[in-house]
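Each chain, written out:
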Amino acid sequence: MKDRNFLDTVMEFEQQLETLQQQYIDLKKYVAQMVEDHQAIQTENLHLRRRLEELLSTDPTDESSNEEKVSLLDIGEGYDNLARLYQEGFHVCHVHFGGSRKGEDCLFCLSFLNKQNA
Ligand SMILES: [Zn+2]
């Protein structure tokens, strides 16, 4: 009877180890994904900063205002970036720009994206 209990205990312990190992593997995958996402965001941030600096850098021969230049950025590639940012869960509207949507749709963002896509 004692031996039987000991065997049960060992098997239970083994199962716990397997569960822990699986959790550890999942955690490692999660961290790897986070690092990847972080790098992608950093790269995109740098890219966007450069684009913005390019667009806002003062060119005395260019008479269009900064707002006009920024609206040019919003067309095409800019739209794709904003749409992706929205898909990834962030606000792209003027009201909450860059903030987390916390999994909820935002009417400001949607109407902004619709206008850009028109
Ligand atoms: Zn929004």
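Above: the structure in question.
What comes next is a walk through the structure. Remember, it's a predicted structure, so these values are computed and weren't measured experimentally. (Residues numbered from 1 in each chain as written. Predicted model: local features only at pLDDT ≥ 70, side-chain atom pairs only at ≥ 80, totals over all residues. Heavy atoms only, no water.)

1. A closer look at the coordination of the zinc ion
- Those protein atoms acting as donors to the zinc ion are H91 (ND1), C93 (SG), C106 (SG) and C109 (SG), and they sit at 2.1 to 2.4 Å.
- Around the zinc ion, the 4 donor atoms are arranged such that angles at the metal cover 100 to 121°; this shape is classified as tetrahedral.
- Counting gaps between the donor residues of the zinc ion yields the pattern H-x1-C-x12-C-x2-C. You can see C93 sitting in the loop between α3 (77-87) and α4 (107-117) and its partner C109 sitting in helix α4, a full 16 residues away along the chain.
- Residue classification places C93 among the buried positions, given a relative accessible area of 2%. (Donors = N, O, S within 2.8 Å, 3.2 Å for Na, K, Ca; no water. Tetrahedral: all angles 85-135°; square planar, octahedral: opposite > 155°, others 65-115°. Helix = DSSP H or I, 4+ residues; strand = E, 2+ residues; numbered from the N terminus. Buried < 20%, exposed > 50% of the residue type's maximum accessible area, 1.4 Å probe, protein only.)

2. Some thoughts on the nonpolar core
- Counting residues in each nonpolar core, the largest one holds 11 residues, listed as Y79, L82, A83, L85, Y86, V92, C93, C106, C109, F112 and L113.
- Residue assignment for this core shows that the elements contributing at least two residues are α3 and α4.
- Per-element accounting of this core gives the leading share, 5 residues, to α3. (Core = buried A, V, L, I, M, F, W, Y, C linked by side-chain atoms within 4.5 Å.)

3. Quick look at the pattern of salt bridges
- On inspection of all chains with the given rule, the structure shows 4 salt bridges.
- When the shortest N-O distance is used, the salt bridge between D8 and R4 registers 3.7 Å. Of this pair, D8 and R4 both sit in helix α1 (residues 2-56), separated by 4 residues, roughly a single helical turn.
- Take D8: its relative accessible area is 32%, and that puts it in the partly exposed class.
- Through salt bridges with shared partners, one network takes in E44, R84 and E88. (Salt bridge = Lys/Arg side-chain N within 4 Å of Asp/Glu carboxyl O.)

4. Examining unusual backbone geometry
- Of note, K102 is a non-glycine position whose phi angle comes to about 55°, a positive value.
- Along the polypeptide, K102 turns up in the loop between α3 and α4.

5. Section: the packing of aromatic side chains
- Inspection of the entire model under this criterion finds 0 aromatic pairs.
- Between the NZ or CZ atom of R101 and the centre of the ring of Y86, over which it lies, the distance is 3.8 Å. (Phe/Tyr/Trp six-rings, centres within 6.5 Å; stacked < 30°, edge-to-face > 60°. Lys NZ or Arg CZ within 6 Å of the ring centre and 35° of its normal.)

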